[in-house]
Amino acid sequence: MGHEIGSLYMLNTCPFTWKVRALLNHLNLPHEKIQINPLKIKKSVSFAGDWGKTPVWKMSDGEIVVDSTPIMKRIDEVHNNGNLWRSDNQERRDKWMEWADTKVKDATIPILYGSIGSALSTTRSVAKHERFGLFTGRIYAWLGFPIMWGIIAKKRTKKTGMQPGELWHHLLNEWIEEIGENAFFGGNEPHIVDLAVFGYMQSIEMHPKAFRLIENHENGMLWFNRMKNVAAIQ
Ligand SMILES: N[C@@H](CCC(=O)N[C@@H](CS)C(=O)NCC(=O)O)C(=O)O
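All of the points below concern the structure found in this document. (Residues numbered from 1 in each chain as written. Predicted model: local features only at pLDDT ≥ 70, side-chain atom pairs only at ≥ 80, totals over all residues. Heavy atoms only, no water.)

On to the pairing of strand E1 (residues 6–10), then. In terms of residue burial, E1 counts as a mostly covered element, since five of its five residues are buried. Side chains Gly 6, Leu 8 and Met 10 project from E1 onto one buried face, and the interleaved Ser 7 and Tyr 9 project onto a second face that is buried too. Direction of pairing for E1 relative to strand E3 (residues 56–59): antiparallel, over a ladder of four bridges. Following the sheet pairing, Tyr 9 is matched in E3 by Val 56. Once you follow E1 into helix H1 (residues 15–26) and on to strand E2 (residues 32–35), the crossover reads as right-handed. (Buried < 20%, exposed > 50% of the residue type's maximum accessible area, 1.4 Å probe, protein only. Helix = DSSP H or I, 4+ residues; strand = E, 2+ residues; numbered from the N terminus. Pairing = 2+ DSSP bridges. Right-handed = clockwise from strand over helix to strand, strands pointing away.)

Another aspect to go through is the pattern of salt bridges. In this structure the tally under the stated criterion is six salt bridges. A salt bridge links Arg 74 to Glu 77, with the nearest nitrogen and oxygen atoms 3.2 Å apart. Of this pair, Arg 74 and Glu 77 both sit in helix H3 (residues 68–80), three residues apart, which is roughly one turn of the helix. You can call Glu 77 partly exposed: its relative accessible area is 48%. Put simply, Arg 93 and Asp 94 hold a salt bridge, and the shortest N to O gap is 3.0 Å. Owing to a relative accessible area of 8%, Arg 93 belongs among the buried residues under this scheme. (Salt bridge = Lys/Arg side-chain N within 4 Å of Asp/Glu carboxyl O.)

Paired through backbone hydrogen bonds, the strands of a sheet run either parallel or antiparallel to each other. The four strands lie next to each other as E2-E1-E3-E4, forming an open sheet whose pairing is mixed. Looking at which strands have only one partner, the edges of the open sheet turn out to be E2 and strand E4 (64–66). Strand after strand, the sheet turns through a mean of 20° between neighbouring axes, direction not considered. Contacts between H1 and the sheet are confined to E1, E2 and E3, with E1 contributing the most and set at about 150° to the helix. (Axes fitted to C-alpha atoms, helices over the stretch in contact; angles between N-to-C directions. Contact = heavy atoms within 4.5 Å.)

Let's shift gears to the nonpolar core. By size, the foremost hydrophobic cluster in this structure holds 57 residues, and its most contacted members are Trp 57, Trp 168, Trp 175 and Trp 223. If we skip the residues at most four places from it in the chain, Trp 168 touches Val 104, Ala 107, Thr 108, Ile 111, Met 201, Ile 204 and Ile 214. Tyr 9, Ile 41, Val 45 and Val 56 belong to the second-largest nonpolar core, a separate cluster that totals eight residues. (Core = buried A, V, L, I, M, F, W, Y, C linked by side-chain atoms within 4.5 Å.)

What follows deals with the packing of aromatic side chains. The full count for this structure, using the stated rule, is eleven aromatic pairs. Centre to centre, the rings of Trp 96 and Phe 185 are 6.5 Å apart; their planes meet at 55°, and the pair counts as tilted. Of the two residues, Trp 96 is situated in helix H4 (residues 90–113) and Phe 185 in the loop between helix H7 (164–179) and helix H8 (192–205); the sequence distance between them amounts to 89 residues. A relative accessible area of 7% means that Trp 96 is categorised as buried. Judged by its relative accessible area of 3%, Phe 185 is buried. Seen from their ring centres, Trp 175 and Phe 185 are 5.5 Å apart, and the 10° between their planes marks the pair as stacked. In this pair, Trp 175 is assigned in helix H7 and Phe 185 in the loop between H7 and H8, connecting sequence segments ten residues apart. In this structure, Trp 175 and Phe 185 share a single accessibility class: buried. Here the aromatic residues Trp 96, Trp 99, Trp 175, Phe 185, Phe 198, Phe 211, Trp 223 and Phe 224 are joined through ring pairs into a cluster of three or more. The ring centre of Phe 185 lies 3.7 Å from the NZ or CZ of Arg 92, which sits over that ring. (Phe/Tyr/Trp six-rings, centres within 6.5 Å; stacked < 30°, edge-to-face > 60°. Lys NZ or Arg CZ within 6 Å of the ring centre and 35° of its normal.)

Near the ligand, the surroundings consist of Cys 14, Pro 15, Phe 16, Ile 41, Lys 42, Trp 51, Lys 53, Thr 54, Pro 55, Asp 67 and Ser 68. A distance of 2.9 Å separates a nitrogen atom of the ligand from a polar side-chain atom of Asp 67. Measuring from an oxygen atom of the ligand, one finds a side-chain N or O atom of Ser 68 at 2.5 Å. Out of a free accessible area of 510 Å², the ligand has 69% covered by protein chains. Elements that contribute at least two residues to the shell around the ligand include exactly H1 and helix H2 (41–44). Its residues assigned to classes, the shell around the ligand comprises six nonpolar, two polar and three charged. (Near = heavy atom within 4 Å. Polar contact = N/O pair within 3.5 Å; in protein donor to acceptor, adjacent residues only side chain to side chain. Areas by Shrake-Rupley, 256 points an atom, 1.4 Å probe, with all protein chains shown as cover. Nonpolar A, V, L, I, M, F, W, Y, C, P; charged D, E, K, R; others polar.)

Below is the structure:
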């Protein structure tokens, strides 16, 4: 494995995987990316026990960490002295990390799959970005969308009573208000919470039709572009 610090078992389109990627890129840490077959997640990460989801992080010394936020914290702890997780206001940090992992998470699926049109275009785009078997990718592209659209997205939209784009605007308003005069949640530099929110947004950015619904939030995009400038994308 050479000088790589670990392996990220991942899906190219998984929002949680993008959180971890945002951190690895930001810290410029050399790592191996293992893209798994989305229809064989459980089998591909069975070495991590019952978890059965992406991302899974395997450190070069063999330590295995699951779940995106704990993975981010552990990478920061081992390779960055915990500098990105540290905060002089832990209550604020914990509150907003929780906000990202509940509110932003719950808004991500509906924006990708919230209408028939966006569901179809996202599943086709997922099929393009993931390593399915030869034919299963095509089958997923056409059969996956009514499932994602019907079951998951509708249920989540109902919970807030807002349309997917409206919900994202509402969340970005809250986020920008919290950041206030600063460049980032972390002040002059991004904090792990910035990287988490950035990761969720990057997972949407790869589906242009869905991202269009967010792109017209001016201040949100200013922050997003500031993040892009500090976190080189690998
Ligand atoms: N809380 C977890 C969620 C991980 C997750 O749900 N990953 C999805 C892919 S985006 C998955 O592997 N789902 C498979 C399943 O739940 O069986 C995290 O933040 O890492």
